[in-house]
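Coordinate inspection notes
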Protein chains: 2
Amino acid sequence: MRVLIRVAYDGTAYSGWQFQPNAVTIEGRLREALKSLFGRETDIIGASRTDAGVHALGNAAVFDVDTRIPAEKISYALNARLPDDIRVCRSEEVAKDFHPRHTDCVKTYEYSIYNDKFENPKKRLYSHFCYGKIDTGLMQKAAPYFVGEHDFSAFCAAGSQVADKVRTVYSLDVSRDANDISIRITGNGFLYNMVRIIAGTLLKVGQGDMEPQMIERIIASKDRQLAGPTAPARGLTLMEINFKELIPYGHV
Amino acid sequence: MRVLIRVAYDGTAYSGWQFQPNAVTIEGRLREALKSLFGRETDIIGASRTDAGVHALGNAAVFDVDTRIPAEKISYALNARLPDDIRVCRSEEVAKDFHPRHTDCVKTYEYSIYNDKFENPKKRLYSHFCYGKIDTGLMQKAAPYFVGEHDFSAFCAAGSQVADKVRTVYSLDVSRDANDISIRITGNGFLYNMVRIIAGTLLKVGQGDMEPQMIERIIASKDRQLAGPTAPARGLTLMEINFKELIPYGHV
């Protein structure tokens, strides 16, 4: 059967999702857990190959396995074999041909900024620390320019191999709770480093270094040079992936 | 001059506050930073000697130093010499005879519980994970029994050398935000492991293993055996210490 798992992890200690022979990766740790559980090498197809240092609460992956363990119980068996910074939150059987990267989906990311005079040691692993004034009102004015279907070439890391850089952003919300600023973005897919470049650009707006209206011109320019810097990985968390095939029609 | 510093730290990697020759401690790291900054060994008097694994956002300490650096700038100079899991959030000059353990104060601790089916990797270092149903309404019913001046012998780790076990708890609030349960307690001082034993006891109440009214009888018994287990260190954070001498009368 094909099993879909939902995976949460603290990316701090990992060289990203994707398996590399000489680095510690989320996929590598999952493969080890699968081998320990089922006694054989098992390939995994990840929905989102997050970068080094990026976190996830709801990444997804599938693998094929022949076992008498009910699909729903596999999560528990894997967790017993995983380090405590990786957790499988759910496991379920899906159609044999379900592919997490070739299925329409809605992804939600959250970028966290900690804005104070001094870094907060309890938040340092999961947020980007910024001192100095950040005006979230300005960031909120900039946010709507990102929403909709756009060619996001200006917000894609140089060197990306993807040909089609058109993506749809469904929502982008900036909120503040005391010293914590959160950027929450949903879309049908994201280019390489896209969320981190959007976060870095919104920060420049919040710091008063860029007018909110500039976003429209940067998108139109398709020029990576005009956008802001790539914000650090530690602030980024992949929150959720909703696959349209798996959810009742009309839910998204 | 005598300098009072406010110290925040992620206690995960430390054998607690207090200096030990063969262990990594917060006090040890601060002493190294002071030696690097001022060129000589400098003793530190901590307000609260937190245990291994316990965190702080507002611990306090004093040291005596002869320097031309303004007291308010010492925090910056120390931070440049400290690992990123320790931060000095403030430094100020205080009276030569100010002693952080012999000065009346109000301390605030927070104990964090993460209550879900699976552990959240991003919260694992800063909360105690509990699966299964926890009724915070029952915990809220138990909370008022702790408030007031009591002999807290039943909530003190065995082997404590302190003779007088009477302490005053000013407030104890239990709140829930989705899967996060928070126990916030303020008082004029806490016995060894007192907050963690209170948290462990409140958890038993929330899990339905103990009636809220039992708290009154446990306090009266002065018997450590009747209280619940000591909850793990990782869930505990020393939030704030307000020294009465340093704040306008009537503020607390």
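Residues numbered from 1 in each chain as written. Chains lettered and ligands numbered in written order. Predicted model: local features only at pLDDT ≥ 70, side-chain atom pairs only at ≥ 80, totals over all residues. Heavy atoms only, no water.

Side note on the domain arrangement of chain A
Residues and elements named next belong to chain A. The assigned domain composition of chain A is domain 1 (2-102) and domain 2 (105-240). Computed from C-alpha atoms alone, the centre-to-centre distance between domain 1 and domain 2 is 27 Å. Taking both sides of the interface into account, the surface hidden between domain 1 and domain 2 amounts to around 1,000 Å²; carbon and sulfur atoms contribute 54%. Among the residues of domain 1 in contact with domain 2, Asp51, Val54 and His55 are the three that bury the most area, contributing 43% of the side total. (Domains from an automatic or database assignment. Buried area = accessible area lost by both parts, 1.4 Å probe.)

Focus on the relation of the copies chain B and chain A
Turning chain B through 180° and shifting it by 0.0 Å along the axis lays it on chain A, with an RMSD of 0.0 Å. Taken together, the rotation angle and the small translation identify this as a two-fold axis. A symmetric contact is evident, with 100% of the interface residues of chain B recurring at the interface of chain A. (Least-squares fit on C-alpha atoms with pLDDT ≥ 70 in both. Contact = heavy atoms within 4.5 Å.)

Thoughts on the packing of aromatic side chains
Evaluation of the coordinates by the stated rule reveals 16 aromatic pairs over all chains. Taken together, a centroid distance of 5.1 Å and an interplanar angle of 45° make the contact between Phe118(A) and Tyr76(B) tilted. Placement of the pair is Phe118(A) in the loop between β5 (105-115) and β6 (128-130) and Tyr76(B) in helix α2 (residues 74-79), with the two residues belonging to separate chains. Residue classification places Tyr76(B) among the partly exposed residues on the basis of a relative accessible area of 45%. Measuring from centroid to centroid gives 5.1 Å for Phe98(B) and Phe243(B), while their planes differ by 85°, and the two rings are edge-to-face. Here the residue Phe98(B) occupies a position in the loop between β4 (86-94) and β5 (105-115), and Phe243(B) occupies one in strand β10 (residues 236-243), the gap between them amounting to 145 residues. Here Phe98(B) matches Phe243(B) in class, with each residue buried. Connected via pairs of aromatic rings, a cluster forms that spans Phe146(A), Phe152(A) and Phe155(A). We note Arg31(A) situated over the ring of Phe19(A); from NZ or CZ to the ring centre the distance is 4.0 Å. (Phe/Tyr/Trp six-rings, centres within 6.5 Å; stacked < 30°, edge-to-face > 60°. Helix = DSSP H or I, 4+ residues; strand = E, 2+ residues; numbered from the N terminus. Buried < 20%, exposed > 50% of the residue type's maximum accessible area, 1.4 Å probe, protein only. Lys NZ or Arg CZ within 6 Å of the ring centre and 35° of its normal.)

Considering the side chain of Thr42(A)
Residue and element names in this part refer to chain A. Position of Thr42 among the secondary structure elements: in the loop between α1 (26-38) and β2 (45-46). Residue classification places Thr42 among the buried positions, given a relative accessible area of 4%. Only 3.2 Å separates the side chain of Thr42 from the backbone oxygen of Arg40, close enough to count as a polar contact. (Polar contact = N/O pair within 3.5 Å; in protein donor to acceptor, adjacent residues only side chain to side chain.)

Topic: the interface of chain B and chain A
Taken together, the contact between chain B and chain A spans 24 residues of the former and 24 residues of the latter. If you look at where chain B meets chain A, you find four salt bridges. Note that Asp10(B) and Arg124(A) form a salt bridge whose closest N and O atoms lie 2.9 Å from each other. At the junction of chain B and chain A, the tally comes to six residue pairs in polar contact (both at pLDDT 80 or more). Taken together, the elements giving at least two residues each to the side of chain B that touches chain A come down to β1 (2-9), β3 (55-64), α2 and β4 of chain B. Per-element accounting of the side of chain B that touches chain A gives the leading share, four residues, to β4(B). (Salt bridge = Lys/Arg side-chain N within 4 Å of Asp/Glu carboxyl O.)

Topic: helix α4 (residues 194-206) of chain B
Residue pairs three or four apart in sequence face the same way in an α-helix, which turns once every 3.6 residues. Residues and elements named next belong to chain B. Helix length check: α4, at 13 residues, gives a terminal C-alpha distance of 18 Å against a target of 18 Å (1.5 Å per residue), a fit within 8%. With respect to burial, α4 is a largely interior element, twelve of its 13 residues being buried. Met194, Val195, Arg196, Ile197, Ile198, Ala199, Gly200, Thr201, Leu202, Leu203, Val205 and Gly206 are the residues of α4 that are buried. The positive-phi residue at the C-terminal boundary of α4 is Gly208, with phi of around 80°. (Expected span 1.5 Å × (residues − 1).)

Looking at the pattern of salt bridges
All names here are of chain A. For the coordinates displayed, the defined rule picks out 24 salt bridges over all chains. We note a salt bridge from Asp151 to Lys222, for which the minimum N-O separation is 3.9 Å. Of the two residues, Asp151 sits in strand β7 (residues 148-151) while Lys222 sits in the loop between α5 (214-221) and β10 (236-243), which places them 71 residues apart along the sequence. Connected through salt bridges with shared partners, the residues Arg6, Arg90 and Glu92 form a single ionic network.

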